[in-house]
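Reading the structure
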Amino acid sequence: MKLNLVAAPSPDFEDRKDTVQFIIIHATGCKTLQETFDCLARRHVSAHYVIDVDGTVYGLVDPDKRAFHSGVSDWEGYCERTGFKGLNDASIGIEIQCGPKEVLENGEVCKFDNFSNDQIASCVELCKRLMRIYNVKLDHVLRHSDVSPGRKYDPGETFPWDIFKKMLEKK
Ligand SMILES: [Zn+2]
């Protein structure tokens, strides 16, 4: 599958202090792509990629650099092992453009609209490429809610996680 990849550089990145070991899947929870870009810029956060509803992949940060997408997060004792407070130094972040369906009192989106088939297809293709390039294991492709439980809910129940993981297994 051919990916439609468009450069949309973000100034919000740093050098990595660790090698890439994880891929973290997010949902933006913003109504439109423009709102997503505005929100990221305003809060000085970033992801490596944002996938729009039509499947277009926007490249914000070079995956060799550290983006600011997962905040306080952990997986299988990584933080204890490394002394880091989160997975950003060791992960690639993929945001999927998706509107909010339910928002908590603290402003956190806990339920999301449906994802398009084009988005899922692009996300599978992008993930497969990154897994190959960075040698990321299938069980290290994770949801933001997996690594920041109780704090983050994305990509939520409407994301077809089991199907997505099965699609990643296929060569
Ligand atoms: Zn997230």
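Below you will find a few notes about this structure. (Residues numbered from 1 in each chain as written. Predicted model: local features only at pLDDT ≥ 70, side-chain atom pairs only at ≥ 80, totals over all residues. Heavy atoms only, no water.)

1. Brief notes about the coordination of the zinc ion
- Those donors, His26 (ND1), His144 (ND1) and Asp154 (OD), are the protein atoms that reach the zinc ion, and they lie 2.0 to 2.1 Å from it.
- The exposure class of His26 is buried, given its relative accessible area of 1%. (Donors = N, O, S within 2.8 Å, 3.2 Å for Na, K, Ca; no water. Buried < 20%, exposed > 50% of the residue type's maximum accessible area, 1.4 Å probe, protein only.)

2. Description of the side chain of Asp89
- Mapped onto the elements, Asp89 comes out in the loop between α2 (78–82) and β7 (91–96).
- Side-chain polar atoms of Asp89 contact the side chain of Arg66, separated by 3.0 Å.
- When residues no more than four places from it in sequence are discounted, the contact partners of Asp89 are Asp15, Arg16, Lys17, Asp18, Thr19, Arg66, Tyr78 and Phe84. (Helix = DSSP H or I, 4+ residues; strand = E, 2+ residues; numbered from the N terminus. Polar contact = N/O pair within 3.5 Å; in protein donor to acceptor, adjacent residues only side chain to side chain. Contact = heavy atoms within 4.5 Å.)

3. Some thoughts on the pairing of strand β3 (residues 22–27)
- Most of β3 is tucked away, with 6 of its 6 residues classed as buried.
- Where burial is concerned, the two faces of β3 agree: the one with Phe22, Ile24 and His26 and the one with Ile23, Ile25 and Ala27 are both buried.
- Sheet analysis places β3 next to β7, joined by 6 bridges and oriented parallel. The residue of β7 that forms the bridge with Phe22 is Ser91.
- Pairing analysis gives 3 bridges linking β3 to strand β10 (residues 141–143), with the strands arranged parallel. The residue bridging Ile23 from the neighbouring strand is Val141, located in β10. (Pairing = 2+ DSSP bridges.)

4. Observations concerning the state of the cysteines
- This model, assessed by the stated rule, comprises 0 disulfides.
- Counting only cysteine sulfurs, Cys30 is the nearest neighbor of Cys39, a cysteine outside any disulfide, at a range of 4.5 Å. (Disulfide = S-S within 2.5 Å.)

5. Topic: the sheet that holds strand β5 (residues 57–59)
- Read from one edge to the other, the open sheet built from 6 strands follows the order β1-β5-β4-β7-β3-β10, with strand pairing classed as mixed. Strands with a single pairing partner mark the edges of an open sheet, and in this sheet they are β1 (5–7) and β10. Across the sheet, the axes of successive neighbouring strands diverge by a mean angle of 25°, strand direction being ignored.
- Sheet topology places strand β4 (residues 49–51) next to β5; 3 bridges connect them, and they run antiparallel. Looking across to β5, one finds that Ile51 is bridged to Val57.
- Relative to the sheet, helix α1 (residues 33–43) contacts β4 and β5, its axis offset from that of β4 by approximately 160°.
- Along the sheet, helix α5 (residues 161–169) makes contact with β3 and β10, crossing β10 at roughly 165°. (Axes fitted to C-alpha atoms, helices over the stretch in contact; angles between N-to-C directions.)

6. With respect to the pairing of strand β9 (residues 109–112)
- Across 3 bridges, the pairing between strand β8 (residues 100–103) and β9 is antiparallel. Bridge pairing in β9 places Val103 opposite Val109.
- Between the end of β8 and the start of β9, which pair antiparallel, lie 5 residues, with Gly107 showing a positive phi angle near 90°.

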